[in-house]
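Topology and contacts: notes
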Amino acid sequence: MWSSPTVRMVCILFGIISDITPVCSQPRLVPGQNNKMTAEDGKLGEDIQKVIDEIHLLSEQNSRSFAVPSTEDHLNLNTYYSILSNLYRLFQPLMRKGFFDDLPKMLVCLLLERQDCGLEAELTKTVSLEMGKPFLMFFSSLRSQTCGPMTPDGESRSFFGTYLNVGSTLTSAFSGFQQLFINMLSNLMLSENLTNVLRSLLDSLSANVLHFLSMFLEIPVDYVRIALEFGIEVPSLDGQDTCQQGDLKQLIMWGLKRNVSWSFGVPLVDILLESFLPLDESLNNYPGAGCHSPSSILFQRSASPPNKHTDIRYKMSCDHQNLANINDTLCADVLMGLGNASLSLLTFCKALGSLNNSQMEHVWSNMCYIFQMLTSPLVNKSSNCVVEDTQPSAVSSPLNESQLVPPSAPRRVAREASRLQQLDCNYSSWLNSTADAALVSFCRDNDNKEFVRQVCNNASLMKKLLLDQANIWLYGFCANSSADDVYMVSQFCRYEQWIDQPSYQVGAALLQFCISLDAPRLTSLICEHTGFFMLLNSNPDNWQLMPNCTNSRPPAPFPNPSLLQLDSCQYSEWHNVMQITTDILSKCILIDQIRFATEVCANKTFLSNLLQNKDIAWLETHCSTFLVVQPTEPIPTFDLASWCDYHTWGERQVDDSVVGLCWQNDQAAFQENVCCKIAVFEKLLENPKNKWLTTVCTDMEKITVTPQLCRYTDWTHPIIVDMTELALCAEIDPQNFTSKVCANATVIQNLLANQDNAWLVQYCSNHSSSVSPPVTGGGQTTLTGFIVFEQCVYSNWITSLPNATLLAQCWENDQANFVSSICPNPVLLLLLSREPSTAWVSSMCTTFTNYTNTPTKNGTTTVPNTCASQTLMKQFTLLCPKYLIQDCQPCPSENMILQMMVRCWVESLSSRMESLLTTPVTEVLNKAVATTVVILLAVEDSMGPIWQVNNTIRQNVLASIVDFLKRETNQDKKTVLLQCFGIVLSNLLQSTRDMTSKEQLFIKEYFSLPLSSLRPVLAAAHISTVRLILQYYNRFKDSLQLSDEYQSTMVSVLLKIHQAKDEKLLLELGSLLAAASPTDIQALPSMLNINVRETINTNMDRMSLAQREAFGLWYSKVMSASNITGGHLSLIRDTGNLIAYLPFHSFQHLSAAQLFDGLDVLQRNTLSSLKQEFIADKFIGTYRNLTAQDFIRLGNLSCLADPEDLLVYRNTEAFQVIQENILSCALKGLSLPSQMVSDFLLNNPELQTPSSLSANRLKELAPLLPLLGVTFLKDLTSSQLISALPALKSVPFTPIQASIIVDKLFLNNTLRQNQLQELGSLIVGVKTETLLPLTSDRLLSMLKALSQHTPIRCLPHKHALCAPEANAIATKLWGFPEVVSWLDDVEPLLRCTPLLSILPRTRLLVERLSNTSTKPWNTQQAQAIVKELININPDLIKQDFLTLQRLGQGLSCKILKYHFQADKSPSSVRKILSFLQKQPTVLHTSLKKCVIEELDTFDFTDMLQDLGAEIALSIPVSTIKKFSADKMDTLRNMIVTTPQHFLMLSRTKQELLVDKIVQRMAMNTGPFTEEEFRSLGIMAPFVEDEVFVQLERTFFIQNLEYLKGLCYSSSKTEIVARMLQEPAVFGPVKNWNKATLSAVGRFLFFLPWNILQEISSPLMTVGRIERLFMSHRHWEEGEVGILCSDMNERKELSQKQQFVLQTYLGFLKINSFSLPQIVPTCEILRTTAPSAWTSSSLGRMSSSAFSNCLELMGQDPFLQSYQRAEVLSRVKKIYGPISSFSQSLIAQLGGIALELSPEELSALHLEERRSIAAMGAISTWNNRQLTTLFTRVLNSTKRTPSQLDSSMLVALGHIVCGAKTTEIKTFNNVELSKAVLWLGQLRLSCSEEQMLALVELLTNNLAFGPMDSWGTDVFIEIGVLAAGLPDIAMSALVKEQIEGITPLAISIIPPEKFAFLL
């Protein structure tokens, strides 16, 4: 609580500042709430009214407005005194009534200008209005005295401006006092005890003062802070996570509310010191001519020129319409009871909280007016300063030092000033006058855009400014600005002029400038021209900038004239030899040695003419000794070894240019032979020009320099050591320096004799805890307790000499006084020199005198000029070493020494602040100081940078921010800080490339942001901060460990937002380019910049193929077809990796010569098959004389050439290389045209007799064996196969081929059954009958071996293990209880394991849950295990079901609902969703539906991203269409990222879903752009036809490879076909060429039948047709194709393929050019398809070819009946009657067997499961055939239906439907239940009775038990068999059971039965 006098003063001040606007005319009593007033209250009211009336008598006008009263009236002081006495009597009763508690509320009421505020408020208001005249008169008088000289614009200055202008005058007035004070301090000798006492007193006084200040300021600071918070709106994130950028004062306000520890005490002291103790350099006296200029490093703020603040009028606008909400101010915390707010503050906040917006604005405006009125006398121009009819003077007259206002100063009229930029940043005037460096910096910061235009783009002005070294930063600034790079390079990087002026030293700043803008050309010049290199290297500052020329080409014999050509060295133009001077010749010899020797020295006639000029007679000697290159001889190449003969350098003098050349081009050898050899190194250092070697030979420097320089043993004796030597030792030998110097007090004392070494104190304190600074001066205690003032009485030594010990101690502990007292006394020195133990003093003094004295011109010695302030500063230096002023420096001014003392004391006090002050006091003071800084910043916003607050507090703000970021754990606060204050934080950072530790910590926070906040935060960052972020990333990227998505988001923001602002940013991205998304890459602006291209090429190997192709597409915008065709032969090499990824429509313009030259570049990149084919065709088709070496270069590209082009090399050396290349392709599994296989591989003589192959050769050919077919395999012997088995067991043979090999291996017991694990992938050839009797250990070992080679698959996929074998192994192994411990071994077969085999083991599996939960179970297995887990341990499911891991797919909807309801927090829901996304299989439909329904109870759209594509696509389309654009975009992105789930949807839902997305994203109108198409990804072809037809044709042409990989419906294929024929695309089909057909690829089959016939017949060769087929098959077997087409679409396309093949291979005669009919080989059937050929052509195949491809023909689903009949006929001819068909042959027949009649089928021997399975896989048998087959199986196997085991039932497949109902009923229940996993996946053609019989078998207790006990798991397991449920059972199904019925089962349920499900 404040004291009464304090309150009275507040009231008076309030009266002064409240005189603003009218309120009311008369006071009015306001009745209280209680009508009954006590007598005391009544008396108090009367007294108050009386005082009010008395006050009103003082004014002539009885007004109570807020207008300022006239100050010209006479004041009656007696009346004032009477009124004040009456007021004093009122204070006690008012205080009893709680007057001061209600005062804040009354103030708000008064500011609101209400008339019912109460009598007490009326009293307050009246006192304030009427009693403030003396104060107003005082301020008015001050204001009238500020009519100083006019400004250059004729303006009068404000009081504050005038005060600042006369700062130097005030300083002069007090200079006498200052000098006296300083002299007193400098002569004051204090003992140690007295010093400690004084320090303690100062600390105590400081603590008490600060404590009082904290108490006094605590409440006012809160009031000021609330006012500032209302008026200064602090940015915050809005609903779209965006915010306005805040400035520095807003940042500080934001930090005050969030407990940022602002530390502005020291900066505020600096501001006050600079304002009241300004430095005046004119007062400094230089002691001698030999001294350097004074350094301004320690007082940088003082060194800056004064700001022109006096011309600025301060004007604050109080019309604030958008005040902050009260919830955003301190009042929010006060009203919530947070903190310890005072009662008055609580009352104030409550009063403010009751106001509406308009009232709040009114109150704040009045408060603003109060502040404005209070400060206006100080900062505004005096209204009395009016010059009537007087024009302002152009130049202000100097201020008279004796008076503030000239006596004759006329009255002036105030005039509004312009903005500071308009007044000072007059760029046009800078050319004609000298612009101050501070002004240039100011204009750069405040007028950036115009500054770049007027300065950086104006070379003349920029060069003028650069004459001032203070403006040297212009180089870096303009290089990083948006200025024209080409223009600046042409104006400043004029290398020819650098050579023309060898005496001109190129500075580091200019060199860095040119490197940043013109690096390739400058680097080339430096590395290829020794003279130019030496010119730049002559400046040591340039060494660190010089490029590494190790990998550059050596200097050319004749330098490229275009690189560096001097105008003066045009020898052909040297006609007048008298004009050729020595300077010209010297420059030409230096820069153009070779051409000079050739064209001048070697040309005798020309040389003779030149020698006519006697001034250059020396040229004859030069040419005679120079090695001249004879024109008739070959031009010698540059031999680096001959120049750099290091072994001779230790014995001879080496030219310094040769030393530089060798270091630049041969650094590795140079380091070894020069830097690491002391003799050579020291020899070179004899030449002063080679001193630069000490910096590059760092290791040698430590070896040679350290022992010579760092003589630690000598330093223990009195000696003067140079500061530079000492600093070098500390840098290169820190370990010894710390241990031998910092740890030795004697050495430290000796070294501190040189005042320049004062930095040692701080250095050692940072590197050693044992070092503390000694304090010199009388009466001090030293490090060892030696009392100087008692022992070292120098005045007594001349009569009583000290002993050696005392002498040494005084020297060690009191060097300054020792030297000043002893050395100037020659008598004492003579006496000391007589004794050996003290003789060292004379030599020490001699050394010290020589070091400190400066010789003058006349040879005399000048005694250093000393002054009291310098002496005092040196004394303070021991406490504050950084304020060191050396002897050879100007005498510090009084202000400087006072500033130093205050700063030193403040810094010393700051270090002890924690022990002096309590935390609450510190917090209050920090808040007060921070609030003051905010006010200063607000003033500077209007007046300009008066105090340079921004610069002063920059480091402190940054330090506080870094500390906050380190402490803060709330990521949201960090995000707001970095996003909303990105620009102001950027301005806090240094502009240099080397970040400080604080800056690094700050930049690191950008890499800790959550991914969701990264984009907006980076977008708000300044470009300079972005560069620091990139710098930090490139330096610490390995330790950052950022996710790919994080890096991708980073680079996306940088490319989209910041790249547009600065094109050079792309060069700094570095490896981060590899994280750019293809979309962002393609959106980059077009640019043809060599540096950018090289940056991309460098990082290309880190990019994905999609990113590389995106860069290729981007580069095609500037690399047009004309640029390619008109390019030189080295175009590919010059362009680099980037050219390999041009879109094909651009790539195809490369010529054969260009491809030949750049083949190596292309081959090291990933080329598309289309480009590879183009290269091979262009390369091999153009050149007919290629050598073997050329084909070695081509490598696998040879395999893509036309076989006819390769056959021309038959019988040549190159042909063998071609064969090896093709064999390599085949071994790698590449698809080859049939002719290439047959002519180059199969025709090999060694393959004609398989049995003659050696084992090693057979191993080499192993990958080729599947192509050679069954006939070749049958001719191999068992011994050959057993030897080659290690290579064969990893080859993907077909089951038939594998069976042939296995049968041979088992023949004659070559391979025993206990060695099955050695078969590897050949296990597919082992009969099921062989596996059944095996023991479990053998089966397990076999599975282990098989899993290492080939993934095991089940139906409906193709082999590795066929279904019967998989079933046999699984059921047998799961028959053992120990199987639960074999899970790792049986894991490959888990999904193929029957549910019935799993059910008995579920309890054991639950007991081993930790292992069980990690295996990839199928859905029904997981459900069974989870169900058992619930029975055993239900609490586990409820408490932490996430431990189920991969068993999560087995959860029921009930369990999921429980967990959703138990914790509805977003984090909990996200954990569940993430858990479901990690399941190994597709989630069951019921589970996905359950999640959607449950999340629908609360808005799940907020978690759409967390659902994952699989669950999100289960949302009904009716719900999806209601999504907002943002949510729809989220769904779109999810589908694009994981497209497989979208492809698994039905075609109808696909089209509906895409239609809704397109509509919501507004893509259904206008052109279908590339951006829109790519944004849809896999969904793009599913848009409406009307949208798809609008696809941009340019995008269509350039991205055919991408488009061919997508999925198209039949309607879209028609549109694509029409697009291909458009003139803007490829035009009519009849005009297509080979390149067109290659580009179109599989799209050719989209063309209509009639259009297909128009293709030019010569183009459609056999090889071309094969490639078209292979192209489509490659897509069809890919991730998209396998999920895209249904059987009908595939069948239709197969027919079109058949038409193309038969048309252009002569089977369908369409013209005379049609080829004759050919007989297909097995190789061509593999590349095309058997169904594409005519039946007659298949029948004419050779026997071997037919046998090799019989299995292939049997598996072709599109083989027509007539074709199958022809093939079957040929089979009978080759293999004889049907009854003789072997089991292997039957297995190969496949679908061909459909043409067998029932009678023929009855003749088959179906004994083995392999042959039975081949017949059972066919689904199109008729009933008679099925019956025959089932009967034949029973007869062949001699089994009854009840004896059929599960593997036999699996093999029967569709044949099961051939069994009679009575036979089915005899099936073994258990075996059928184990086989139902496979049978349930088939679309069985069984009758309803047969299905019912099968289902009834499953209800046996030994099977799945009663039907009503079946769960979802059983229904999923039985699959299609669920269609056989009886009607009554169907109607009794519950929801969980119905959910288990598969879609296939539902599709075959009769409609009348299906009704029971509804």
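Here is what the cut-offs are and how they apply
- Residues numbered from 1 in each chain as written.
- Predicted model: local features only at pLDDT ≥ 70, side-chain atom pairs only at ≥ 80, totals over all residues.
- Heavy atoms only, no water.
- Helix = DSSP H or I, 4+ residues; strand = E, 2+ residues; numbered from the N terminus.
- Buried < 20%, exposed > 50% of the residue type's maximum accessible area, 1.4 Å probe, protein only.
- Contact = heavy atoms within 4.5 Å.
- Polar contact = N/O pair within 3.5 Å; in protein donor to acceptor, adjacent residues only side chain to side chain.
- Core = buried A, V, L, I, M, F, W, Y, C linked by side-chain atoms within 4.5 Å.
- Phe/Tyr/Trp six-rings, centres within 6.5 Å; stacked < 30°, edge-to-face > 60°.
- Lys NZ or Arg CZ within 6 Å of the ring centre and 35° of its normal.
- pLDDT = per-residue confidence, 0-100.
- Axes fitted to C-alpha atoms, helices over the stretch in contact; angles between N-to-C directions.
- Parallel < 35°, antiparallel > 145°, perpendicular 65-115°, else oblique.
- Left-handed = near helix turned anticlockwise from the far one by under 90°.
- Nonpolar A, V, L, I, M, F, W, Y, C, P; charged D, E, K, R; others polar.
- Salt bridge = Lys/Arg side-chain N within 4 Å of Asp/Glu carboxyl O.
- Disulfide = S-S within 2.5 Å.
- Arc of directions from axis to C-beta.

Let us now look at the overall build of the chain. A tally of helices and strands in the chain yields 119 helices and two strands. Residues counted as buried form 50% of the 1958 residues belonging to the chain. Taking the contacts inside the chain whose residues are at least 6 apart along the sequence as the reference set, 71% of them involve residues at least 24 apart.

Moving on: the side chain of R1832. Tracing the sequence through the fold places R1832 in helix α110 (residues 1823–1837). A polar contact of 3.1 Å, which involves the side chain of R1832, links it to the backbone oxygen of S1802. Dropping the residues within four chain positions of it, R1832 is found in contact with L1801, S1802, A1803, L1804, H1805 and L1806.

We now examine the nonpolar core. Grouped together as the largest cluster of nonpolar side chains are 368 residues, with contacts concentrated most on F1002 and F1542. If near-sequence neighbours (up to four positions away) are discounted, F1002 is found in contact with L958, I961, V962, L965, L978, L985 and L989. Among the nonpolar cores identified, the runner-up in size contains 65 residues, and L439, I499, C514 and C662 belong to it.

To continue, consider the side chain of Q1937. On the secondary structure map, Q1937 appears in helix α117 (residues 1935–1940). Within the structure, the side chain of Q1937 is placed 2.9 Å from the backbone oxygen of W1910, a separation counted as a polar contact. Excluding its chain neighbours within four sequence positions, the residues that come into contact with Q1937 are M1907, D1908, W1910, T1912, F1915 and A1932.

The subject of this paragraph is the packing of aromatic side chains. For the coordinates displayed, the defined rule picks out 46 aromatic pairs. Where F1191 meets Y1209, the ring centres are 5.0 Å apart and the plane angle is 80°; that geometry is what we call edge-to-face. A residue pair is termed long-range when its members are at least 10 positions apart, and F1191 in helix α67 (residues 1188–1194) and Y1209 in the loop between α68 (1203–1207) and α69 (1213–1227) qualify at 18 residues. Among the aromatic side chains, those forming a connected cluster through ring pairs are Y427, W430, F451, W473 and F477. Against the face of F1156 rests R1193, its NZ or CZ located 5.2 Å from the ring centre. Directly above the aromatic system of W1675 lies the positively charged group of R1642, at a separation of 3.8 Å from the ring centroid.

Summing up the model confidence of the chain, the mean pLDDT is 76 and the portion of residues at 70 or higher is 74%. Low pLDDT (under 50) marks residues 699–705, which in the prediction has 19 contacts with non-local residues, meaning those over four places away or in another chain.

Where helix α12 (residues 265–276) contacts helix α50 (residues 949–967), the two axes come as close as 9 Å, and the packing angle between them is 155°. Our classification of the angle between α12 and α50 gives roughly antiparallel. With respect to the hand of their crossing, α12 and α50 are arranged in right-handed fashion. Along the contact surface, α12 presents P267, D270 and I271, while α50 presents V949, T952, I953 and N956. In the contact of α12 with α50, the residues fall into four nonpolar, two polar and one charged.

This paragraph deals with the pattern of salt bridges. Counted according to the given criterion, the structure contains 35 salt bridges. Where E1510 meets K1488, a salt bridge forms, and the shortest distance between an N and an O atom there is 4.0 Å. On the criterion of sequence distance, the pair formed by E1510 in helix α87 (residues 1504–1512) and K1488 in helix α86 (residues 1485–1495) is long-range, its members being 22 residues apart. Taken as a pair, E1510 and K1488 share a single burial class, namely buried.

Secondary-structure assignment places Y1183 in the loop between α66 (1169–1182) and α67. It is 9.5 Å that separates the C-alpha atoms of Y1183 and A1153, two residues lying 30 residues apart in sequence. What Y1183 contacts, discounting residues up to four positions off in sequence, is A1152, A1153, F1156 and Y1209.

This model, assessed by the stated rule, comprises 11 disulfides. There is a disulfide in this structure between C1722 and C1749, and the S-S distance comes to 1.9 Å. Taking the torsion about the sulfur-sulfur bond, which here is approximately 90°, the covalent link between C1722 and C1749 counts as right-handed. Taken as a pair, C1722 in helix α102 (residues 1722–1727) and C1749 in the loop between α104 (1743–1748) and α105 (1750–1754) lie far apart in primary sequence, 27 residues in all. Across this residue pair, the class does not change: C1722 and C1749 are buried.

Packing of helix α113 (residues 1869–1879) against helix α114 (residues 1888–1898) brings their axes to within 8 Å, and their N-to-C directions diverge by 105°. Taken as axis vectors, α113 and α114 run roughly perpendicular relative to one another. For the pair formed by α113 and α114, the contact residues are N1869, L1872, S1873 and V1876 on the first element and L1894, L1897 and L1898 on the second. A per-class count over the contact of α113 with α114 returns five nonpolar, two polar and no charged.

Attention now goes to helix α33 (residues 667–675). Think of an α-helix as 3.6 residues a turn; residues three or four steps apart then line up on the same face. All of the buried residues along α33 are F670, N673, V674 and C675. An end-on view of α33 places all buried positions within 160° of arc, on one side of the element. Along α33, the residues that are exposed and aim more than 90 degrees away from the buried face are A668 and E672.

We now examine the environment of S1737. Here S1737 lies in helix α103 (residues 1735–1739). Between the alpha carbons of S1737 and F1707 there is a distance of 9.1 Å; along the sequence they are 30 residues apart. For S1737, the contacting residues outside a window of four places in its chain are F1707, I1718, V1719 and P1720.

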